[in-house]
Number of protein chains: 2
Amino acid sequence: MMNYTSGNGNIKNWVLSEEQFHPDQLGKCESIMYLGNGYLGLRSATEEPYLQEKRNLFVNGTFNQGEENEVTELPNLADMTRFDMKIDGERFSLEFGKTKEYVRQLNLKTAELTRKIQWISPKGKEIWFQFRRFVSLHNLHLIGMKLEVESVSHPIQLTIESGINGQMTNSGSQHFLEGERRVHQKCALEMIQTTKESKINIILNAVHTLRINGEEIRNDPEMNMSRRKVWLTYNVALQPSDQFVFEKLATVYTSVDKEFSRYDKGMYDVEYQLDDSIKYIRKQASKELQELHNKGYEMLFNQHAEKWETIWNIYKLEVDSTESFDQLALRFSLYHLIAMTPAHDEKMGIGAKALSGEGYRGHSFWDTEIFILPFFTYSNQAIAKSLLTYRYLGLESAKRKAKANGYEGAMYPWEAAKPSDGEVTPEWGDIDIVTGKPTKIWPGLIEQHITADIAFAIYQYTKVTGDKDFLIAYGYEIIFETATFWASRLEWSSENGQYYINDVIGPDEYKEHVNNNAYTNYMAYFNLKLAIRFVDQLKQDDKKRFLQMDKKLDLNNHYLNWLEKAEKLYLPEPRAKDHVIPQDDTYLSLKELDLSKYKNQDSVRGIYKDYNPEQINHFQVTKQADTLLIFYLLEQTFLADDERLSQQVKSANFHFYEPRTLHDSSLSLSTHVILACDLGKVDLAYEMFTKLCETDLGPSMDTSNEGIHAASIGGMWTAAVFGFGGVRLYQEELRINPQLPTQWKQLKFVFHWRGHPLHITITKSTLRVEASTMENIRFRVFEKAFTFRESIEIPLEKGSLLSY
Amino acid sequence: MMNYTSGNGNIKNWVLSEEQFHPDQLGKCESIMYLGNGYLGLRSATEEPYLQEKRNLFVNGTFNQGEENEVTELPNLADMTRFDMKIDGERFSLEFGKTKEYVRQLNLKTAELTRKIQWISPKGKEIWFQFRRFVSLHNLHLIGMKLEVESVSHPIQLTIESGINGQMTNSGSQHFLEGERRVHQKCALEMIQTTKESKINIILNAVHTLRINGEEIRNDPEMNMSRRKVWLTYNVALQPSDQFVFEKLATVYTSVDKEFSRYDKGMYDVEYQLDDSIKYIRKQASKELQELHNKGYEMLFNQHAEKWETIWNIYKLEVDSTESFDQLALRFSLYHLIAMTPAHDEKMGIGAKALSGEGYRGHSFWDTEIFILPFFTYSNQAIAKSLLTYRYLGLESAKRKAKANGYEGAMYPWEAAKPSDGEVTPEWGDIDIVTGKPTKIWPGLIEQHITADIAFAIYQYTKVTGDKDFLIAYGYEIIFETATFWASRLEWSSENGQYYINDVIGPDEYKEHVNNNAYTNYMAYFNLKLAIRFVDQLKQDDKKRFLQMDKKLDLNNHYLNWLEKAEKLYLPEPRAKDHVIPQDDTYLSLKELDLSKYKNQDSVRGIYKDYNPEQINHFQVTKQADTLLIFYLLEQTFLADDERLSQQVKSANFHFYEPRTLHDSSLSLSTHVILACDLGKVDLAYEMFTKLCETDLGPSMDTSNEGIHAASIGGMWTAAVFGFGGVRLYQEELRINPQLPTQWKQLKFVFHWRGHPLHITITKSTLRVEASTMENIRFRVFEKAFTFRESIEIPLEKGSLLSY
């Protein structure tokens, strides 16, 4: 039973609470309360084990291909969080005995997970437990755990088994060789794990401290070892009201950690530590462990909490709403955006389930560029740059993919892992309910829009940040190579005298093997036009660099090709009668289906219980925002004045497609919130926003089992800032068209525009913008242009925007 | 809570019962009640899952090396026994609600596992469950499962998830590639697993039948698939007293099944089916599944039970004891000897934990030849021959091991898997409590007596069965090659003018790196003398064959070498003062240790909690029968009249070594029972026999977690027949010196002597032997010789044997 609005006082709207424990509903809190720092991701499984639990510990970027016929994935490291406890021989488990008090909380402010439990054992011993845990943002390698136990009225014998357990798998796939295990000084444990294919060494260490009533006790534990496991068993006698404390500090290092690894230095400006030998890392880790042991949980936790305080000061997103939930949800979004993002290393992307579960195997999709990256582009240029650099590092493998598919240029993988891995989409998915066979997963081959999505993200990044250096170092090359891909990808239709893009999947994955998916065609067009534009700019602004790039990439030749292809690329036109842009060549001629059954279901993908993919292919049913994305994205660009993107056409398509869209992807609702705001439908937008937040923060207890929904979490920020806040790159300029829903009194946030942080305060009647710069900031509010320094307050008229 | 004497009427002394369920003590029944047919081994984990469970399904012989740094082992196949059940949404688990009645039973007579449970769900629904399960002895590929459910007074909604789950590992090591999964006709499931290194294909199939009140119902289940898993979810509405039946029939085939495999035909006389293609096996399996489905659980169970009836008629071991437990224990021994033994295929051995758990990874040790094989040698010549042929198939790899270690001839692996695998002993074991490091496992290198043990087993087999063909085809070659190994292994001591065997481990594994372990030296001597003897015999009886073998093996040369080495091999003499043969060069000079603490412990290896291996090396403490085995084994041979094996020396050594022996190996007690009988200490023998049976059938609930103790199970039969029954090959002749303990009124058994089954009935006063042969049978009873046809009854005088 979740409570998302339980906190009061200084934790008001900062706390996720689980107030009743259910052993069959563990996935929810494990995922949404997971702890991470962009390097480590620790799923919040409870200390004591349960049958349906899923324990996961990931280190970002440590991809490994488990077997020859499986795709690479983030391997699930050895577990260090499980404590097997017994009270007078009885196993501590909330499935037994009686739980008098129970609350599990994730405090977003301090990123600490706690559980407070008053439990009566089957034999009647009443015990008070408090568990605490954090994954340090101060020291990326550190996991801190602390357990406090007090027996209310009986003397008890407490047994705790705590260790490092490498028997963990990714749903049965074992990524590690059996490695060395050691006990040091009867209190510390060490395990080495080595990934089987990628040969990454993982060095795990853990050390224990025991205290009774503040006094440290030296309690020689039993030392145990079995296959892939090493653990200590402590036996402690406690008198009533003895305060027992059990601390476990654990660290994780890997041979691909940036500070140890030897990868190509040429690409970076920094001097790295160049010793990635296991011996060196073990020595460092052991030294570190000793220091951490000396500091102890409280000091280490304070360092971590201070770091989070800095985070909350940097990234602000505050709402004054009649619904407490809204503020909590926006903080939840920011918390996870920080926890999931590898700010420390540009070799890494963001997984579709962040670092919270095995779902999608840690792979990066277009989710990053279209739904998550905007937060960083508008909030932290360095991190946005790092995430885009990750794509640049993958350029060679994207070129390999293009070549392997018979194309030129760079064709980005639908799913990405290590930059050099190339396409890592698995081949087979769920069972087909009609044939009984697994279904073929096509996106790795034919969901091609991601290549243009990445081009779009680079465009957005450079326009918002003004970072030209990135373009020069990485961006131009990606834009040119992706344009070249599209130019080679187009198919000439002699009948129509235009270029087609046949046999693709658009964002609506319920339609496989369609021709001329509108989104794909429009985005490919944008990509081509962007390359043309960049060449024009380069020629004009920096002739020398143009010549260099021309030499390397044969730009002059490609340029002519891009021009010809862009001009003749078929862009589906809005239907004359109703302005609807056909999602693809056949969509509008498909049968309609009554979707009310599925649209009202608690869980997604209910339609698969009734129809198989082949059948769904033949209905006017859309999984997620598809054609509508054209409007949201392209109006940010130099194509914004295209008539096909007019407000009228946008409205017509929203009204046509939304009812046909099941929102069966967590990528769907944020776009709809933003467009609903653009169309003045603020009530509808708010309703959708609530649903969007409920993707992970809803009452349904099983939707996050495989992990949180990183794109919807990114989408919560965009829905608030781009939707209700109305902030948008529009025709290459800044636009702010705020529209608060009835429930919101005030919305405050900060974003960066061309290097300057702008502090925004929106109420129903005013928009206030503050900037600490001496430069003039220009922007538009509902078509009116404003220029200011330091700060400006603009009155908002009611109905500033027409409702269509 | 186990009850080993619960059955009454026609199941009296046939049934193991668990009368109270404990979720933390699952290993006991999983192991001792495991089901097997020599091909399949299915650990008896419950249908509903529990946290501490260990699910195992093995197919004999399907060894695979999981990782480059792990040893090959029997892989744990996909699970097909787990049913996840819900009653009105509440998970069925005996950890919840109230269990009104509970009994789990293994009926040894029919080899059926059953559970009867009356359970009240937390919401108060009272349900009656009966679970049944067998692993067919009629069709080696078949597992039958049947569940009956009845709701006592409420209508209920029952949900059952049943599937094939390939997420299983061997304690974290995954042996299989992710394989194809299919649903057929909405009721049948199929999964292919392929071992990663040995590339063995496993084809798993399962089909479901549902009935309410005898009527089959077609209930379309939900079809689900995830990584390495495919399963169906059935939802059934039941009215009070509806009889619901859920049958699941599962089959397992592999590409190395004898009927499919292509291995060297030359060695065998039979024509095998030679198509091991996956396509062919899948087709066969699917056809078979359809036929099984048509037959149903009851008919298939009856076929299986009939086969077991035949077993119980062939192998008899009946005791009339004041302790019911004794009869149950001896049936338990026979049951497991059949369940564990691959009678169907000579490519396979017997694992130290049979097919009941992951312990010792399915490897074969000397346990087979010295402790298990005697049962087959005396009971079923064909199976004994098959087990020895397995060693012949391993001769090449034994020669490889000799060569790799710088020796000649054949040096058998301490642990064996597939015949061609050679040595598969792992390199590292438990943690050293002093250094915190894993301990090195030495036996694979220096526990060398197994080579002589195999020679002994061949000798025993040929003497008891009279099977000369085996000698000609396989036996001679093994004896000659092993003798050659020993000849090359000996080390000349110029000081002493004798050959030593330095730096070995004897049966007492608490002593590592000893010189001249008496057992090893005596057995090596026997091995050399046996080769010499066989050459002498061959030359005399079959000159032609001798010349052939001489050509192949250079016998004449080796012969001279064997003679010289045997003559000068150092055989530790009994000490003059007390006739004690030193276990090794230093044992008698080591410190003595008070062992009472460890000898009275419930669990074994308690000494490791106080001392590390290095320390134990320096005490007069012995893990298991070591020097004493010399007497038990060699008095069966042509060396029996050696004075060093006299009754006086035997007695002196028993009295010296037994108090220094911790019986920390399950190989220890059976030898002690036999020797205690030989020495007339029948009460002591009976006390030890009870302890021996309690190795698996004791009150301690955790001793069988890793699997049953195959050698102690074989030892139960030898303790009864060789110990109390007094049957022995002695000086190459048959001897029967019976001595029943006080508690036993009568002992009946059958064994085969030179091809003739002899039916033995022993009471306190008479020995009756019956044989259905026209030949004269000769044997000795307490030194007196008898010859008979058909039957003979011999009165037994009290105190026939002197007590020493």
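Here is what the cut-offs are and how they apply
- Residues numbered from 1 in each chain as written.
- Chains lettered and ligands numbered in written order.
- Predicted model: local features only at pLDDT ≥ 70, side-chain atom pairs only at ≥ 80, totals over all residues.
- Heavy atoms only, no water.
- Helix = DSSP H or I, 4+ residues; strand = E, 2+ residues; numbered from the N terminus.
- Rg over C-alpha atoms; globule rule 2.2 N^0.38 Å.
- Buried < 20%, exposed > 50% of the residue type's maximum accessible area, 1.4 Å probe, protein only.
- Contact = heavy atoms within 4.5 Å.
- Areas by Shrake-Rupley, 256 points an atom, 1.4 Å probe, with all protein chains shown as cover.
- Lys, Arg positive; Asp, Glu negative; His and termini not counted.
- Charge placed at Lys NZ, Arg CZ, Asp CG, Glu CD.
- Salt bridge = Lys/Arg side-chain N within 4 Å of Asp/Glu carboxyl O.
- UniProt positions renumbered as here; feature names shortened; annotations may be inferred.
- Pairing = 2+ DSSP bridges.
- Domains from an automatic or database assignment.
- Buried area = accessible area lost by both parts, 1.4 Å probe.
- Polar contact = N/O pair within 3.5 Å; in protein donor to acceptor, adjacent residues only side chain to side chain.
- Least-squares fit on C-alpha atoms with pLDDT ≥ 70 in both.
- Disulfide = S-S within 2.5 Å.

Can you help me understand the overall build of chain A in this one?
Of the regular secondary structure elements, chain A holds 19 helices and 35 strands. A globule of 804 residues ought to have a C-alpha radius of gyration of about 28 Å, and chain A, at 27 Å, matches this closely. Seen through its C-alpha atoms, chain A measures out along the principal axes to roughly 85 × 65 × 55 Å. Classification of the 804 residues of chain A by burial places 65% in the buried group. When contacts within chain A are restricted to residue pairs at least 6 apart in sequence, long-range pairs at least 24 apart make up 67% of them. A total accessible area of about 28,600 Å² is found for chain A, and carbon and sulfur atoms account for 46% of it. Averaging the locations of the 92 positively and 111 negatively charged side chains of chain A gives two centres separated by 2 Å.

Where do I start with the pattern of salt bridges in this structure?
Opposite charge on two side chains permits pairing when their charged atoms draw close. Tallied over the entire structure, the rule returns 113 salt bridges over all chains. E180 of chain B serves as the salt-bridge partner of R182 of chain B, at 4.0 Å between the closest nitrogen and oxygen. The salt bridge partner of K347 of chain B is D345 of chain B, with a shortest N-O separation of 2.6 Å. Of the two residues examined, K347 of chain B and D345 of chain B, each falls in the buried class. Connected via shared salt-bridge partners are E635, K650, D678, R728 and R735 of chain A.

Sorry, what's going on with the UniProt feature "domain: Glycoside hydrolase family 65 N-terminal" (unreviewed entry) in chain A here?
Per the UniProt entry, the sites bearing "domain: Glycoside hydrolase family 65 N-terminal" (unreviewed entry) are residues 18-255 of chain A in this numbering. Within residues 18-255 of chain A, the helical portion is 3% and the strand portion 52%, while the C-alpha atoms at the span's ends are 37 Å from each other.

Help me understand the pairing of strand β17 (residues 188-195) of chain A, please; the structure alone is not making it clear to me.
Along any regular strand the residues' side chains alternate between the sheet's two faces. Residue and element names in this part refer to chain A. With eight of its eight residues buried, β17 lies for the most part within the structure. Side chains A188, E190, I192 and T194 of β17 all project onto a buried face; the interleaved residues L189, M191, Q193 and T195 project onto the opposite face, where all are buried too. Across two bridges, the pairing between strand β15 (residues 176-177) and β17 is antiparallel. Residue F176 lies in a different strand from β17, and its bridge partner there is T195.

Looking at this structure, I do not really get the domain arrangement of chain A. What am I missing?
In many analyses, interface size is given as the accessible surface area lost on bringing the parts together. All names here are of chain A. Here chain A is partitioned into domain 1 (33-314) and domain 2 (317-786). Between domain 1 and domain 2, the residue contacts involve 41 residues of the former and 39 residues of the latter. Here domain 1 and domain 2 share an interface that buries about 3,100 Å² over both sides, 62% of which is from carbon and sulfur atoms. Ionic pairing is found between K54 and E358, a salt bridge with its closest N-O pair at 3.4 Å. Linking domain 1 with domain 2 are 11 residue pairs in polar contact (both at pLDDT 80 or more), by the criterion used here. Elements with a minimum of two residues in the side of domain 1 that touches domain 2: β3 (35-36), β4 (40-42), β7 (72-73) and α2 (278-314).

What should I look at first to understand the relation of the copies chain A and chain B in this one?
Each of the two chain copies can be generated from the other by rotation about an axis followed by a shift along it. Here chain A sits on chain B after a turn of 180° about the axis and a move of 0.0 Å along it, with an RMSD of 0.0 Å. What we have between these two chains is a two-fold relation. A high fraction, 100%, of the interface residues of chain A reappear at the interface in chain B, so the copies pair face to face through one surface.

Help me out: how do you make sense of the state of the cysteines in this one?
Tallied over the full model, the rule gives zero disulfides over all chains. Just so you know, C693 of chain B is unpaired, no disulfide at all, and the nearest cysteine sulfur is the one on C677 of chain B, 12 Å from it.

In this structure, what is going on with the environment of E447 of chain A? I would like to understand it.
Residues and elements named next belong to chain A. Inspection of the secondary structure assignment puts E447 in the loop between α7 (443-446) and α8 (450-465). Separated by 61 residues in sequence, E447 and D508 place their C-alpha atoms 9.8 Å apart. If sequence neighbours within four positions are ignored, E447 has contacts with W414, W442, I505, G506, P507 and E509. Within polar-contact distance, the side chain of E447 engages the side chain of H449 at 2.9 Å.

Sorry, what's going on with the sheet that holds β4 of chain A here?
One key point about sheets: their strands pair by backbone hydrogen bonds, in either a parallel or an antiparallel sense. Residue and element names in this part refer to chain A. Read from one edge of the open sheet, three strands run β3-β4-β5, paired in antiparallel fashion. Two strands close off the open sheet at either side, each with one partner strand: β3 and β5 (57-59). Inspection of the sheet shows β3 paired to β4 by two bridges, in the antiparallel sense. Within β4, the residue paired with L35 across the bridge is L42.

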